[in-house]
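Structural overview
This is what each chain is made of:
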Amino acid sequence: MTQPDEDPGVAEFDLERSTAESWASFAAKLADVLSVMEDDATLTIGAMAGEKSGAAPFVAFRAAENGGLVAEASGNAELGEYYQLTPDQADALATIGWEPPEQHGRRFRALGT
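Positions within a chain are numbered from 1, following the residues in the order the chain's sequence is written. Selection of residues for local features in this predicted model requires a pLDDT of at least 70, selection of side-chain atom pairs for listing and counting requires 80 or more, and totals for whole chains, interfaces and linings are taken over all residues. Hydrogens and waters are ignored; side-chain quantities use all the structure's heavy atoms.

1. A short note on the packing of aromatic side chains
The criterion for an aromatic pair is that two Phe, Tyr or Trp rings (for Trp, the six-membered ring) have centres within 6.5 Å, with stacked assigned to planes under 30 degrees apart, edge-to-face to planes over 60 apart and tilted to the rest. Tallying each qualifying case throughout the model produces 2 aromatic pairs. Ring geometry for Tyr82 versus Tyr83: centroids 5.0 Å apart, planes at 90°, classification edge-to-face. For every residue, the accessible area obtained with a 1.4 Å probe (protein chains only) is divided by the maximum for its type, and the residue is called buried under 20%, exposed over 50%, and partly exposed between those limits. A relative accessible area of 14% means that Tyr83 is categorised as buried. The side chain of Lys52 reaches across the aromatic face of Tyr82, ending 4.6 Å from its centre. Look at NZ for Lys and CZ for Arg. If either is within 6 Å of the ring centre and within 35 degrees of the ring normal, a charge sits over the ring.

2. A look at the side chain of Glu78
Helix and strand labels come from DSSP, where a helix needs a run of H or I of at least four residues and a strand needs a run of E of at least two; each type is numbered from the N terminus. Topologically, Glu78 is positioned in the loop between strand E3 (69-74) and helix H3 (87-95). Identification of polar contacts relies on pairs of N or O atoms within 3.5 Å, with a donor-acceptor requirement for protein atoms, meaning one able to donate a hydrogen and the other able to accept it, and with residues adjacent in sequence counted only if both atoms are side-chain atoms. There is a polar contact of 3.1 Å between the side chain of Glu78 and the side chain of Arg107. By definition, residues are in contact when any of their heavy atoms lie within 4.5 Å. Each residue touching Glu78, except ones within four places of it in the same chain, is listed here: Ala55, Phe58, Arg106 and Arg107.

3. Quick notes on the sheet that holds E3
Two strands pair under a simple rule: DSSP has to find at least two bridges between them. The strand order across the open sheet formed by 4 strands is E1-E2-E3-E4, and the pairing between neighbours is antiparallel. Lying at the two open borders of the sheet, with one neighbouring strand each, are strand E1 (42-46) and strand E4 (107-112). The average angle at which neighbouring strand axes cross in this sheet is 15°, direction not considered. Across 6 bridges, E3 lies against E4 in antiparallel orientation. From the neighbouring strand, Glu72 faces E4, where its bridge partner is Arg109. For every element, the axis is a line fit to its C-alpha atoms; helices are fit only across the contacting stretch, and the angle between N-to-C directions ranges from 0 to 180 degrees.

4. Some remarks on the pairing of E3
Among the 6 residues that make up E3, 6 are buried, leaving the element largely enclosed by the rest of the structure. Side-chain alternation along E3 places Leu69, Ala71 and Ala73 on one buried face and Val70, Glu72 and Ser74 on a second face that is also buried. When strand E2 (residues 58-63) meets E3, the two strands line up antiparallel, connected through 5 bridges. Following the sheet pairing, Val59 is matched in E3 by Ala73. Joining the antiparallel neighbours E2 and E3 is a turn of 5 residues, in which Gly67 adopts a positive phi near 90°.

Structure below.
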């Protein structure tokens, strides 16, 4: 029997490259879907809660009437205890342009076109 470290397919597998390619493919497909959404349509993508109790994280995209896009990500007020964001995670969202829930209620928000 061949050991995993002896299998040439395993030795040549690049996890970082494969992950980057998968995220790029997902982002391209998501952009395609978002670009054809009708006004006021919503697409929600969430994590499966699994064995942990409480609400799991999600992101919701809503097409605005003006052709824009509103993205909302669950904030701590909506997340189960296991999924609560740390202050550093919340700061990281703000750093990349998400407005904090304190400005909009319970969710982080980002506006786009």
